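Given next are the chains, with one letter for each unit.
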Amino acid sequence: MKKVLGLSVVLAVAPFTQAADIEAGKARAATVCAACHGANGMSVSDTIPNLAAQRSGYLETQLKAFKDGTRKAAGATSPAAIMNAIAAQLSTEDIANVAGYFASQPGATGAKSALLPNVAKTHVTFPEGYKESFSKYHTISFPATKQVRYYYANKTAVAAAKAGKPLPDGSVLFAEVYAAKLAADGKPVMGGDGHFVADKLVVYTAMAREAGWGKDIPEMLRNENWNYAIFTTGKQHRPGVNQAECLACHKPLDNVSYTFTLKQLAGAK
């Protein structure tokens, strides 16, 4: 995740319109912000910015920009898009309080906050034998990353999508992520199907749901019972993955079962 609240985008700092309630800001931060930026504003990852001791006016302006969409990225899974999804759920009062809380915290010390255990863990396991039992229903080429992804779904998910119903507990969506084969000029080679030609397997991604899987996830991040996972080519959970980023990215998709490919899934053969 790139710097979301960094200095790469310069926006004028708006004056405070109300006094911040530090304790209320702390409580709100603990429910969602802490999953990535840490409970005390010290982030959980080198790729996520610290918010501790940042000027409250700056933080408030950025959050308002994320909320109203004036700071918005084109990619649905970009860091800015994740912040758009979270900030949209914050009231004007929440924004002022959260900004005030992080501004009141000590500055960077080099330490990192721990991931929230209920968010960091995932119940998703690698679906052995998926190629025999799942339906391959979609392919997407990603020019920005020079990747191609093949999407699979189990029978439970396919049946519900075809019936026009929300995806129920027991659903599993899975993707193989490949680096595209590159031509001599460094550009991806296009196959006869109109998609990049797959070269080397990079990772697997998965989303699945079962009863109770969402009960310990804060409401602002919860995707009903969905959990997410990234697996290495050795079929093991990839270290350092923060499920909070997946939850936040998919949060606005509640009307399409929290998926980006429900339409294609309904057309699976």
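This text follows the structure it describes.
Scoring rules and cut-offs
Residues numbered from 1 in each chain as written. Predicted model: local features only at pLDDT ≥ 70, side-chain atom pairs only at ≥ 80, totals over all residues. Heavy atoms only, no water. Helix = DSSP H or I, 4+ residues; strand = E, 2+ residues; numbered from the N terminus. Rg over C-alpha atoms; globule rule 2.2 N^0.38 Å. Buried < 20%, exposed > 50% of the residue type's maximum accessible area, 1.4 Å probe, protein only. Core = buried A, V, L, I, M, F, W, Y, C linked by side-chain atoms within 4.5 Å. Contact = heavy atoms within 4.5 Å. Salt bridge = Lys/Arg side-chain N within 4 Å of Asp/Glu carboxyl O. Axes fitted to C-alpha atoms, helices over the stretch in contact; angles between N-to-C directions. Parallel < 35°, antiparallel > 145°, perpendicular 65-115°, else oblique. Nonpolar A, V, L, I, M, F, W, Y, C, P; charged D, E, K, R; others polar. Pairing = 2+ DSSP bridges. Polar contact = N/O pair within 3.5 Å; in protein donor to acceptor, adjacent residues only side chain to side chain.

(A) Expanded view of the overall build of the protein chain. Per the secondary structure count, the protein chain includes ten helices and five strands. Whereas a compact globule of 269 residues would reach a radius of gyration of roughly 18 Å, the protein chain reaches 20 Å, a difference of no more than 12%. For the protein chain, the spread of C-alpha atoms along the principal axes amounts to about 60 × 50 × 30 Å. Buried residues in the protein chain amount to 45% of all 269 residues.

(B) Region of the structure containing the nonpolar core. Core analysis: the biggest nonpolar cluster contains 48 residues, and Phe102, Tyr137, Ala153, Leu167, Leu173, Leu221 and Leu265 have the highest contact counts within it. In contact with Tyr137, not counting residues within four places along its chain, are Tyr151, Tyr152, Ala153, Leu173, Thr261, Gln264, Leu265 and Ala268.

(C) Quick look at the environment of Cys36. The topology assignment puts Cys36 in helix H2 (residues 34-37). Note on Cys36: relative accessible area 11%, which makes it buried. Ignoring sequence-local partners within four residues, the contact set of Cys36 consists of Ser43, Val44, Ile48, Asn242, Ala244 and Glu245.

(D) Local environment of helix H9 (residues 243-250). Counting buried positions along H9 yields six of eight residues, so the element is predominantly enclosed. Residues of H9 that are buried: Gln243, Ala244, Leu247, Ala248, Cys249 and His250. Where H9 is buried, its residues meet H2, helix H4 (79-87), helix H6 (117-120), strand S4 (198-209) and strand S5 (226-231).

(E) Representation of the pattern of salt bridges. For the structure on display, the rule yields nine salt bridges. Salt-bridge contacts for Arg209 lead to Glu224; the nearest nitrogen and oxygen are separated by 2.7 Å. One end of the pair, Arg209, is in strand S4; the other, Glu224, is in the loop between S4 and S5, with 15 residues separating them in the sequence. Look at the salt bridges and you will find they share partners, linking Asp169, Arg209 and Glu224 into a network.

(F) Examining the packing of helix H1 (residues 22-31) against helix H5 (residues 92-103) more closely. Close contact between H1 and H5 brings their axes to 7 Å; oriented N to C, the two are set at 95 degrees. Classified by the interaxial angle, the pair formed by H1 and H5 is roughly perpendicular. Residues Ile22, Ala24, Gly25, Lys26, Arg28 and Ala29 of H1 pack against Asp94, Asn97, Val98, Gly100, Tyr101 and Phe102 of H5. For the contact of H1 with H5, the residue count by class is six nonpolar, three polar and three charged.

(G) Seen up close, the environment of Thr232. If you trace the backbone, Thr232 turns up in the loop between S5 and H9. C-alpha of Thr232 to C-alpha of Tyr204: the two residues are 28 residues apart in sequence and 6.4 Å apart in space. For Thr232, the residues in contact, after removing those within four places along its chain, are Tyr204, His237 and Arg238.

(H) Quick peek at the sheet that holds strand S1 (residues 135-142). The antiparallel open sheet is built from five strands, whose spatial order is S1-S2-S3-S4-S5. The sheet is open, and its two edges are formed by S1 and S5, each paired on a single side. Here the average twist between neighbouring strands, direction ignored, is 20 degrees. Relative to strand S3 (residues 172-180), strand S2 (residues 147-153) runs antiparallel, the two sharing seven bridges. Following the sheet pairing, Arg149 is matched in S3 by Val177.

(I) Structural view of the side chain of Gln147. Here Gln147 shows up in strand S2. Overall, Gln147 belongs to the buried group, its relative accessible area being 15%. Within the structure, the side chain of Gln147 is placed 3.4 Å from the side chain of Thr145, a separation counted as a polar contact. Residues in contact with Gln147, not counting those within four places in the same chain, are Ile140, Ser141, Phe142, Val177, Tyr178, Ala180 and Phe196.

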